[in-house]
Amino acid sequence: MPIHEQSLIRPENLKTHDELVMDGVDVSGHWSTFIESRVVTDYNEAMQDEIAALPGGEHIHRCWQCGSCTNSCTVNAINPDFNPRYWIYLARMGMESELLRDKDIIWQCVSCNKCTYACPRDVVPEGVMKAMSHWLELKGHTPMSPSMHFDEVFADQVIERGKIEESRVMQRFFKRTGQPLFQDWFVEMVKQMLRHLPVGMLARMGLASVLAPSTSGWSRARDAIREYADEQHGKHRRALGLDNLIETAKQDAGAPARS
Amino acid sequence: MATNPDKYKRVAYYPGCALEGTGHAYNRSTKVVGKALGLDLVEVKNWNCCGAMEVKNIDPKIQTYLSSRVMSIAANEMGFDTVMAPCNGCYHNLKKAEYDLTNDAKSAEVVDRLSKKAGHETYQAGQVETIHALDWIKDSIGEEGLRERVQNSLKGLKIANYYGCMYTRPRHIFPEKDQGPGSESTSKPHFMDDLLAAAGAENVDFPLKTACCGGAHTLSDSDTSTKLVLNILNAAEASGAEVIATECPTCHSGLEMHQIRAEKRLGRKTSVKIVYFTQLIGLALGLSPRQVGLHENISDSIGFMKSKGIA
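Every value quoted in this text rests on a predicted model; they were computed, and no experiment measured them.

### What about the overall build of chain A?
And then number 1: When its secondary structure is counted, chain A shows 13 helices and four strands.
And then number 2: By the compact-globule yardstick of 18 Å for 259 residues, chain A is too spread out, its C-alpha radius of gyration being 25 Å.
And then number 3: If you line up chain A on its principal axes, its C-alpha atoms span 85 × 60 × 45 Å.
And then number 4: Of the contacts made within chain A by residues no fewer than 6 positions apart, 65% connect residues no fewer than 24 positions apart.

Following this line, the structure appears as structure tokens:
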């Protein structure tokens, strides 16, 4: 399996000695760097199936590791640790602990779809990144990412009313993630916006943020979407074996203590 | 070249949520340009959000349903066979829903189930064609037609045309693109270049036409978005552009917001103006800056346009 731009050798396992003599031979220096071996024992054999069970991850098994995704990746260009090809490799191998080393950046995929455009195997790496982020959160490996908070705030409003109103989404998102609304750039943006006094637009936006636009007669669509979303949520949890765990824990808790 | 002079004369118009809020200038300029060009826009009745990126991230099939409802209303309740969406996100999502409904039986099943429960006709793939505002002007008026109607040439205005991600990627949801001469290209899109050149502008050789502005994380990972936008702004300036022409409310407001944020947080000031392509076409057609909503942009280009003799 070629590993192009990311090595499985961890930097801390590379050992170089300034003064080392073995069997009477001086092996000091860089030319005789040793790699400390390590053994991976905690393979998660179900990992690929778990990610494939989440929306977006369906085609992860198609990957043949060409690296087109990483090569075209927008985020990789500003953070070389962001490596879709490598993560797909780890997921397919079941190397969960290796993937967890990057758990805090996987959600940063910007969904530009350059990877999906470049992929010769229709893996849809963009979808796989979303599935992986969901997987990390569902499994409890990471707290909910700011992106997921935003998606939830946004989707809740769409499902509730049929439409969104941007300033409400923004306010709720900032509140949920504990950020102040009036940040330096935001204040400057409002100032610049007011310069030409777009009265009609301001009135419309102000009115919309109070009244909140909605699609009329939306309640039946809302109920239908909610029912479907709940169904899917349950399905995803079962696919990851999460509810079984809870059931087992409940049974354990309810079982009479063994003497 | 106008390939379909009559077909797009009267189309169903799907503005979407952003065009009622931060993207209002795009909504306004699209409508006045349509009027000036003699093209009728009939707004989709009681439309809903297309699902955007966010609902797709929660569940792609819910997004497919949301987009399909818009197309169902246009087709079944209003009798239209074309929906025009100026927002790249809406346009992308309607195209994606069309693709999924054609190629994925499971998506079609979910959409049918949700549509029945919601109490409207299920959208059937092929009932409408979704087009972007670029297709709308390019195919119905064309460069020749636009050139004839220009009253106030954009001569001397150096423009970087910025198309963003959602208009061209992934390619499989845009079967009409990459079809040889006359069609749009997913790797080197040119429809906006063609139209603005016809309006008299000078398009610079801009390498980041389809680069990503980080719009998906504009608020949830602002530092990444600021870096990505700064790249785009710098590249545009390095290409000699005075204006970046946009065709998406998310890209447009992202460029405006992060232009300010880059200056505040990274101390990197850029002065390139950010203007919707419809605003530029409107100006070329002789409309006033207020009519095309230049005063509603955060990026202030009115003084600059005046200095160029355009506004």
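From this point, the discussion proceeds with the structure in view.
### Overview of helix H8 (residues 146-161) of chain A
And then number 1: Its 16 residues give H8 of chain A an end-to-end C-alpha distance of 23 Å, which sits within 8% of 22 Å, the value for a rise of 1.5 Å per residue.
And then number 2: Within the sequence span of H8 of chain A, burial applies to Ser147, Met148, Phe150, Asp151, Val153, Phe154, Ala155, Gln157, Val158 and Ile159 of chain A.
And then number 3: Packed against the buried residues of H8 of chain A are helix H7 (125-138), helix H9 (166-176) and helix H12 (219-239) of chain A together with helix H2 (52-58) and helix H3 (60-77) of chain B.
And then number 4: Looking one or two residues beyond H8 of chain A, the residue adopting positive phi is Gly162 of chain A, at roughly 90°.

### So, the domain arrangement of chain A
All names here are of chain A.
And then number 1: Considered domain by domain, chain A is made up of domain 1 (1-38), domain 2 (47-138) and domain 3 (144-238).
And then number 2: Inter-centroid distance (C-alpha atoms) of domain 2 to domain 3 is 28 Å.
And then number 3: Contact with domain 2, which involves six residues of that partner, is made by six residues of domain 3.

### Observations concerning the interface of chain A and chain B
And then number 1: Facing 52 residues of chain A, the contacting portion of chain B comprises 50 residues.
And then number 2: Of all the secondary structure elements, the ones that give two or more residues to the side of chain A that touches chain B are helix H3 (74-78), helix H6 (114-118), H8, H9, helix H10 (184-194), helix H11 (199-211) and H12 of chain A.
And then number 3: A per-element tally of the side of chain A that touches chain B places H8 of chain A first, with eight residues.

### Things to note about the domain arrangement of chain B
Residues and elements named next belong to chain B.
And then number 1: Structurally, chain B comprises domain 1 (10-131) and domain 2 (150-307).
And then number 2: Taking only C-alpha atoms, the centre of domain 1 and the centre of domain 2 are 24 Å apart.
And then number 3: Taken together, the contacts link 22 residues of domain 1 with 26 residues of domain 2.
And then number 4: Looking at the side of domain 1 that touches domain 2, the elements that each hand over two or more residues are helix H1 (24-37) and helix H4 (88-103).

### Some details on the packing of H10 of chain A against helix H10 (residues 249-266) of chain B
And then number 1: Interaxial distance between H10 of chain A and H10 of chain B falls to 9 Å at its minimum, and their mutual angle equals 130°. Our classification of the angle between H10 of chain A and H10 of chain B gives oblique. As for the relative orientation of H10 of chain A and H10 of chain B, their crossing is right-handed in sense. Contacts between H10 of chain A and H10 of chain B involve Asp184, Trp185, Glu188 and Met189 of chain A from the first element and Met257, Ile260, Arg261, Lys264 and Arg265 of chain B from the second.
And then number 2: Residue composition of the contact of H10 of chain A with H10 of chain B, by class: four nonpolar, no polar and five charged.

### Considering the pairing of strand S8 (residues 273-276) of chain B
All names here are of chain B.
And then number 1: Judged by which residues are buried, S8 turns out to be covered on both faces: Lys273 and Val275 on one side and Ile274 and Tyr276 on the other are all buried.
And then number 2: Two elements, strand S7 (residues 243-246) and S8, share four bridges in a ladder whose sense is parallel. Bridge pairing in S8 links Thr246 to Tyr276.
And then number 3: Crossover S7 to S8 through H10 is right-handed.

### Regarding the sheet that holds S8 of chain B
And then number 1: In spatial order, the strands read S6-S5-S7-S8 (chain B); together these four strands make up an open sheet with parallel pairing. Lying at the two open borders of the sheet, with one neighbouring strand each, are strand S6 (202-203) and S8 of chain B.

### Section: the environment of Leu94 of chain B
All names here are of chain B.
And then number 1: Looking at the element boundaries, Leu94 is found in helix H4.
And then number 2: Judged by the 29 C-beta atoms lying within 10 Å of it, Leu94 is buried.
And then number 3: Each C-alpha atom, one on Leu94 and one on Glu129, is 9.2 Å from the other, the two residues being 35 residues apart in sequence.
And then number 4: The contact partners of Leu94, leaving out residues within four places of it in the chain, are Cys50, Ser67, Val70, Met71, Val83, Ala85 and Thr130.

### Examining the nonpolar core
All names here are of chain B.
And then number 1: Among the nonpolar cores identified, the biggest contains 148 residues, and Val83 and Leu280 are the most heavily contacted of them.
And then number 2: Tallying contributions element by element places H3 first for this core, with eight residues.
And then number 3: Discounting residues that sit within four places of it in the chain, Leu280 has contacts with Leu154, Leu196, Ala199, Ala201, Ala245 and Val275.

### Considering the packing of helix H4 (residues 84-93) of chain A against H7 of chain A
All names here are of chain A.
And then number 1: In the contact formed by H4 and H7, the axes pass within 11 Å of each other and the chain directions differ by 60°. Judged by the inter-axis angle, H4 sits oblique to H7. Handedness of the H4/H7 crossing: left-handed. Contact residues: Pro84, Trp87, Ile88 and Ala91 in H4; Pro125, Val128, Met129 and Met132 in H7.
And then number 2: Partitioning the contact of H4 with H7 into residue classes produces eight nonpolar, no polar and no charged.

### Digging into the sheet that holds strand S3 (residues 82-84) of chain B
Residues and elements named next belong to chain B.
And then number 1: An order of S2-S1-S3-S4 is seen for the four strands of this open sheet, with the pairing classed as parallel. Looking along the sheet, the strands with just one partner apiece sit at the ends: strand S2 (40-43) and strand S4 (129-131). In this sheet, adjacent strand axes meet at a mean angle of 40° when their direction is disregarded.
And then number 2: Note: strand S1 (residues 10-13) against S2, four bridges, orientation parallel. Paired with Arg10 across the strands is Asp40, a residue of S2.

### Here's the deal with the environment of Val272 of chain B
And then number 1: Note that Val272 of chain B resides in the loop between H10 and S8.
And then number 2: Residues contacting Val272 of chain B, with those up to four places away along its chain left out, are Leu233, Ala236, Glu237, Ala241, Glu242, Val243 and Ile244 of chain B.

### Points about the confidence of the model for chain B
And then number 1: On average, residues of chain B score 95 in pLDDT, and 99% of them reach the 70 mark or higher.
And then number 2: On the interface metric, ipTM, the complex scores 0.93, and its pTM is 0.92.

Calculation notes
- Residues numbered from 1 in each chain as written.
- Chains lettered and ligands numbered in written order.
- Predicted model: local features only at pLDDT ≥ 70, side-chain atom pairs only at ≥ 80, totals over all residues.
- Helix = DSSP H or I, 4+ residues; strand = E, 2+ residues; numbered from the N terminus.
- Rg over C-alpha atoms; globule rule 2.2 N^0.38 Å.
- Contact = placed C-beta atoms within 7 Å.
- Expected span 1.5 Å × (residues − 1).
- Buried ≥ 20, exposed ≤ 12 C-beta atoms within 10 Å, placed from the backbone.
- Domains from an automatic or database assignment.
- Axes fitted to C-alpha atoms, helices over the stretch in contact; angles between N-to-C directions.
- Parallel < 35°, antiparallel > 145°, perpendicular 65-115°, else oblique.
- Left-handed = near helix turned anticlockwise from the far one by under 90°.
- Nonpolar A, V, L, I, M, F, W, Y, C, P; charged D, E, K, R; others polar.
- Pairing = 2+ DSSP bridges.
- Right-handed = clockwise from strand over helix to strand, strands pointing away.
- Core = buried A, V, L, I, M, F, W, Y, C linked by C-beta atoms within 7 Å.
- pLDDT = per-residue confidence, 0-100.

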